[in-house]
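Per-entry structural report
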Amino acid sequence: MSISSKIIEIKNELPSTVKLVAVSKFHPVDAILQAYDAGQRIFAENRPQELKSKVETLDQMGRGTDIQWHFIGHLQTNKLKMVLPYVSLVQSVDTRKLFDAINSWAQANGRTIPVLLEMHIASEESKQGFSKQDMDALLNDISTSPDKYPGIEVKGIMGMASLTDDTEQVRQEFASLTSAADEFAQRYAASAKISMKERSFGMSGDYRIAAGMGSTMVRIGTAIFGERQY
Ligand SMILES: *Cc1c(COP(=O)(O)O)cnc(C)c1O
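Notes on the structure follow. (Residues numbered from 1 in each chain as written. Predicted model: local features only at pLDDT ≥ 70, side-chain atom pairs only at ≥ 80, totals over all residues. Heavy atoms only, no water.)

What about the pattern of salt bridges?
As a reminder of what qualifies: Definition used for salt bridges: Asp or Glu carboxyl oxygen within 4 Å of a side-chain nitrogen of Lys or Arg. To sort residues, take the accessible area from a 1.4 Å probe on protein chains only and compare it with the maximum for the residue type: under 20% means buried, over 50% means exposed, and anything in between is partly exposed.
Inspection of every chain in the model, using the stated rule, returns 16 salt bridges. Between Glu45 and Lys54 there is a salt bridge, with the nearest N and O atoms lying 2.8 Å from each other. Considered together, Glu45 and Lys54 belong to a single accessibility category, that of buried residues. The structure contains a network of salt bridges with shared partners spanning Glu45, Arg47, Glu50 and Lys54.

The structure is reproduced here in structure tokens:
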């Protein structure tokens, strides 16, 4: 099946409340354009250099200028300038240090960067993200000292379930994400800098489960573009 038919098929499957984020990492600009021509406008990358070079290539072609780019990978603080000028959302803020560095960069560049905070929900140690406790501590700091954070806006939460065929486990992990987001939404309802509206969870293997559990954004690569060309 072509990229465009897959885009159309997945969009038809998703409730209108769930945005499709096309994860184009390790796929060429040509594949991005096929998805674009099928109507896709939100794309995500996970490596700074690859994001920057794809944006520049498309720019030179005069194509895809209305694409909204999301960053979804581990972001080192010395790579911010390769990412932040180009993105409408950083989904993968996984440490306090990164949060502070984005805030500083944004202040220096007269920007406000929308972010999601990544929560560690998988059983695998290797996965990134804040514990619920550490995320709560950061949110508490933002809500009590918003003036420290003029460069950043929290739009919600992101998470990645374990890579497993055990759908019950995936459900439990997604449920833990949603319940944390609901709790934070209540606790920080008065903070202008904190929203918990966006809940980014669900990938190629588990987006159908995610779509039925309160996800507002699924991040899909393989099911659109095929196997990645490493
Ligand atoms: C690669 C990636 C995806 C997409 O994974 P697929 O299984 O190919 O859909 C989603 N989220 C993150 C954070 C990723 O790194």
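Here's the deal with the side chain of Thr216
In plain terms, the rule: Put simply, DSSP marks the helices as runs of H or I at least four residues long and the strands as runs of E at least two long, and each gets a number from the N terminus on. Side-chain atoms alone can form a polar contact between residues adjacent in sequence; in general such a contact is a pair of N or O atoms within 3.5 Å, and within protein one must be able to donate a hydrogen while the other accepts it. A contact between two residues is defined here by any heavy atoms of the two lying within 4.5 Å.
In this fold, Thr216 is placed in the loop between helix 8 (207-211) and strand 8 (217-220). Residue classification places Thr216 among the buried positions, given a relative accessible area of 15%. For Thr216, the side chain forms a polar contact with the side chain of Glu198, separated by 2.6 Å. With residues up to four places along the chain from it excluded, the contact list for Thr216 reads Thr17, Val18, Lys19, Lys197, Glu198 and Arg199.

With respect to the nonpolar core
Going by this rule: What we call a nonpolar core is a set of buried Ala, Val, Leu, Ile, Met, Phe, Trp, Tyr and Cys residues that are connected through their side-chain atoms within 4.5 Å.
In terms of nonpolar packing, the biggest core is built from 67 residues, with Phe99, Ile102, Val115, Leu117 and Leu139 touching the most fellow members. What Leu139 contacts, discounting residues up to four positions off in sequence, is Leu117, Val154, Phe184, Tyr188, Ile194 and Met196. Core analysis: the second largest hydrophobic core is formed by nine residues, Val21, Ile42, Ile72 and Met217 among them.

What about the packing of helix 1 (residues 3-13) against helix 2 (residues 29-37)?
We apply this condition: Interaxial angles span 0 to 180 degrees and are taken between N-to-C directions of axes, which are lines fitted to C-alpha atoms, for helices over the stretch in contact. For this classification, under 35 degrees means roughly parallel, over 145 means roughly antiparallel, 65 to 115 means roughly perpendicular, and everything else is oblique. Put simply, a crossing is left-handed when the front helix is turned counterclockwise from the back one by less than a right angle, and right-handed when it is turned clockwise. The nonpolar class holds Ala, Val, Leu, Ile, Met, Phe, Trp, Tyr, Cys and Pro. Asp, Glu, Lys and Arg form the charged class, and all remaining residues, Gly among them, are polar.
Across the interface, helix 1 lies against helix 2 with an axial gap of 8 Å and an inter-helix angle of 50°. As summarised for this structure, helix 1 and helix 2 are arranged oblique, according to the angle between their axes. Between helix 1 and helix 2 the crossing geometry is right-handed. Contact with helix 1, carried on its side by Ile3, Ser4 and Ile7, involves Ala31, Gln34 and Ala35 of helix 2 and no other residues of that element. Its residues assigned to classes, the contact of helix 1 with helix 2 shows four nonpolar, two polar and no charged.

Structural notes on the packing of helix 6 (residues 132-144) against helix 7 (residues 167-187)
For the pair helix 6 and helix 7, interaxial distance at closest approach is 12 Å and the crossing angle is 20°. One element, helix 6, and the other, helix 7, form an angle in the roughly parallel class. Both helix 6 and helix 7 take part in a crossing whose hand is right-handed. Contacts from Lys132, Met135, Asp136 and Leu139 of helix 6 reach helix 7 at Ala180, Glu183, Phe184 and Arg187. By residue class, the composition of the contact of helix 6 with helix 7 is four nonpolar, no polar and four charged.

A closer look at the site of the ligand
Convention followed: Whether a residue is near a molecule or strand depends on its heavy atoms: if one lies within 4 Å, it is near.
Taken together, Val23, Lys25, Ile72, Met158, Met160, Met203, Ser204, Arg219, Ile220, Gly221, Thr222 and Arg228 make up the full set of residues adjacent to the ligand. At a separation of 2.5 Å, an oxygen atom of the ligand approaches a polar side-chain atom of Ser204. Thr222 has a polar side-chain atom sitting 2.5 Å from an oxygen atom of the ligand.

Section: the side chain of Gln40
As for its placement among the helices and strands, Gln40 is situated in the loop between helix 2 and strand 2 (42-45). The exposure class of Gln40 is buried, given its relative accessible area of 2%. Within the local environment of Gln40, its side chain forms a polar contact with the backbone oxygen of Ile42, the two atoms lying 2.7 Å apart. Other than its neighbours up to four places away in sequence, Gln40 contacts Ile7, Lys11, Leu20, Val21, Ala22 and Ala35.

Topic: helix 5 (residues 96-108)
The criterion, for reference: Take the number of residues in a helix, subtract one, and multiply by 1.5 Å to get its expected span.
The end-to-end C-alpha distance of helix 5, which contains 13 residues, comes to 19 Å, matching closely the 18 Å that a straight helix rising 1.5 Å per residue would cover. Close packing links the buried residues of helix 5 with helix 4 (80-83), strand 4 (87-93), strand 5 (113-119), helix 6 and strand 6 (152-159). A positive phi of about 60° marks Gly110, the residue just after helix 5.

Things to note about the packing of aromatic side chains
Rules: Only the six-membered ring of Trp is used, alongside the rings of Phe and Tyr, when aromatic pairs are assigned; centres must lie within 6.5 Å, and planes under 30 degrees apart are stacked while those over 60 apart are edge-to-face, with the rest tilted. Whether a charge sits over a ring comes down to the Lys NZ or Arg CZ being within 6 Å of the ring centre and within 35 degrees of the ring normal.
Enumeration over the complete set of coordinates arrives at five aromatic pairs. Seen from their ring centres, Phe26 and Tyr230 are 4.4 Å apart, and the 70° between their planes marks the pair as edge-to-face. Remark: Tyr230 occurs in the segment after helix 9 (222-225) and Phe26 occurs in the loop between strand 1 (19-23) and helix 2; sequence separation between them is 204 residues. Its relative accessible area of 73% is what places Tyr230 among the exposed residues. Seen in terms of ring centroids, Phe174 and Phe201 are 4.7 Å apart; in terms of plane orientation they differ by 45°. Their pairing is tilted. One end of the pair, Phe174, is in helix 7; the other, Phe201, is in the loop between strand 7 (194-200) and helix 8, and 27 residues separate them in sequence. Summarising the burial analysis for this pair, Phe174 and Phe201 share the class buried. Sitting over the face of the ring of Tyr36, Arg41 holds its NZ or CZ atom 3.6 Å from the ring centroid.

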